[in-house]
Amino acid sequence: ILITVLIVFSDICKTGVERGIMICGNVIIPSLFPFTVCVLMLMNLNITVKNKVFLKFIYYTFGQSFEMFCVMFFSMLGGYPIGCKLINDIFKNEKINSKAAHIMQMYCVNAGPAFIISAVGCGVLRSKAVGIILFLSHISVSFVMAICSAKILRKNYIITEQKSSENPFSEIFVNSVYSASTVVMSICAYVILFSCLNTFIAYFFENSKFLKSIIFFTEITSGITHTKSVIFISFLLGFAGISVWCQIFALSKNVKIDFKLFILGRI
């Protein structure tokens, strides 16, 4: 049915795909790609911290090792799939077990400041101040969830000795750029696909307000541009949307998503 629709209504398909490409070119790639390269480089350098006071603080406050804290911190700055990508990597390296990974997946799915403040605040709502408020409210909930789950997390992560990176900086740089490009292109693929689907939904269900509202929950960028309600936008930023969920599922290859905990975190 979908193939037939794509052929018969090729102009609508073209419009949706073009819109998705514009979103990728104007929002996703500029805000996400350079930052993703930097984040992956910092994580691959395996920077160590010797300050015992700070290490004890993050252990008793968040139930985390320094590396886990870095994952949470960068998830709040890098954008939706970055946190789950980093969780997947430290799980693969046996730094945490699956239960700890599932708990962190609840609060390490965050929209970054570049998206909330620049794209949503300045771009959609025409207010940088509102964008800052949305970002602070967004990450504050993640901090609350991290603090509330600290006791459980302390019992479940695997403590390993911190080691400095043995790879030369040039290799870390090259691998980080490659990994970042893979992540961002995967994100763009889903954005383009769901932008196309949303265009069809808007076209076929134009007279049905209920069915047309599906677009709010499929691809977040498209959904936000269809409303001016700050409270509803705040909800959509937390919910993330099915497109973002697919990006996260694609990047979580080694540690599978605990869907119940993941949905609880989104709510």
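Residues numbered from 1 in each chain as written. Predicted model: local features only at pLDDT ≥ 70, side-chain atom pairs only at ≥ 80, totals over all residues. Heavy atoms only, no water.

Draft legend 1. Up close: the packing of helix α10 (residues 169-204) against helix α15 (residues 242-251). At a closest axis distance of 9 Å, the pairing of α10 and α15 adopts a crossing angle of 145 degrees. Between α10 and α15 the crossing geometry is right-handed. For the pair formed by α10 and α15, the contact residues are Val 183, Ser 186, Ile 187, Tyr 190, Val 191 and Phe 194 on the first element and Ile 242, Ser 243, Cys 246, Gln 247, Ala 250 and Leu 251 on the second. Residues belonging to the contact of α10 with α15 are distributed by class as follows: 9 nonpolar, 3 polar and no charged. (Axes fitted to C-alpha atoms, helices over the stretch in contact; angles between N-to-C directions. Helix = DSSP H or I, 4+ residues; strand = E, 2+ residues; numbered from the N terminus. Left-handed = near helix turned anticlockwise from the far one by under 90°. Contact = heavy atoms within 4.5 Å. Nonpolar A, V, L, I, M, F, W, Y, C, P; charged D, E, K, R; others polar.)

Draft legend 2. Spatial organisation of the nonpolar core. One finds Tyr 107, Phe 115, Ile 224 and Leu 237 to be the most contacted residues of the largest nonpolar core, which totals 72 residues. Counting residues per element, this core draws most heavily on helix α2 (residues 10-44), at 10 residues. Excluding residues within four positions of it along the chain, Ile 224 makes contact with Phe 115, Val 120, Val 124, Ile 233, Leu 236 and Leu 237. Ranked by size, the runner-up nonpolar core spans 5 residues in total, among them Val 5, Ile 12, Cys 13 and Cys 196. (Core = buried A, V, L, I, M, F, W, Y, C linked by side-chain atoms within 4.5 Å. Buried < 20%, exposed > 50% of the residue type's maximum accessible area, 1.4 Å probe, protein only.)

Draft legend 3. Highlighting a nonpolar patch on the surface. Taken together, the side chains of Tyr 203, Phe 204, Phe 205, Phe 210, Leu 211 and Ile 214 make up a nonpolar region of the molecular surface, amounting to roughly 580 Å² of accessible area. Counting residues per element, the ones that place at least two in the nonpolar patch are α10 and α11 (209-212). Mapped onto the elements, Phe 205 comes out in the loop between α10 and α11. The exposure class assigned to Phe 205 is partly exposed, which follows from its relative accessible area of 31%. (Patch = residues over 30% accessible without salt bridge, like charges linked within 9 Å, V, L, I, M, F, W, Y side chains within 5 Å. Areas by Shrake-Rupley, 256 points an atom, 1.4 Å probe, with all protein chains shown as cover. Salt bridge = Lys/Arg side-chain N within 4 Å of Asp/Glu carboxyl O.)

Draft legend 4. Region of the structure containing the confidence of the model for the chain. When pLDDT is averaged along the chain, the result is 87, and 97% of the positions lie at 70 or above. No element of the chain has a lower mean pLDDT than α11, at 81, and none a higher one than helix α8 (residues 128-148), at 94. (pLDDT = per-residue confidence, 0-100.)

Draft legend 5. Molecular detail of the packing of α2 against helix α4 (residues 66-78). Where α2 contacts α4, the two axes come as close as 11 Å, and the packing angle between them is 175 degrees. Overall, the two elements α2 and α4 adopt an arrangement that is roughly antiparallel. Within the contact between the two elements, α2 uses Leu 32, Phe 35, Val 39, Leu 42 and Met 43 and α4 uses Glu 67, Cys 70, Val 71, Phe 74, Leu 77 and Gly 78. (Parallel < 35°, antiparallel > 145°, perpendicular 65-115°, else oblique.)

Draft legend 6. Main features of the packing of aromatic side chains. As enumerated under the stated definition, the model contains 23 aromatic pairs in all. Ring geometry for Phe 57 against Phe 62: centres 6.4 Å apart, planes inclined by 90 degrees, an arrangement best described as edge-to-face. For Phe 57, a relative accessible area of 47% translates into the label partly exposed. Consider the rings of Phe 235 and Phe 239, whose centres lie 5.8 Å apart with planes at 15 degrees: the pair is stacked. In this pair, Phe 235 and Phe 239 both sit in helix α14 (residues 230-239), 4 residues apart, roughly one turn of the helix. The class of Phe 235 is partly exposed, set by a relative accessible area of 41%. (Phe/Tyr/Trp six-rings, centres within 6.5 Å; stacked < 30°, edge-to-face > 60°.)

Draft legend 7. Structural detail: the pattern of salt bridges. According to the stated counting rule, one finds 2 salt bridges in the structure shown. Here Glu 67 ties to Lys 95 by a salt bridge, and the two come within 2.9 Å at their closest N and O atoms. Linking Glu 67 in helix α4 with Lys 95 in the loop between α5 (80-92) and α6 (98-107), this pair joins segments that are 28 residues apart in sequence. Close ionic contact of Asp 89 with Lys 85 constitutes a salt bridge, the shortest N to O distance being 3.5 Å. In this pair, Asp 89 and Lys 85 are both assigned in helix α5, 4 residues apart and thus about one turn of the helix distant.

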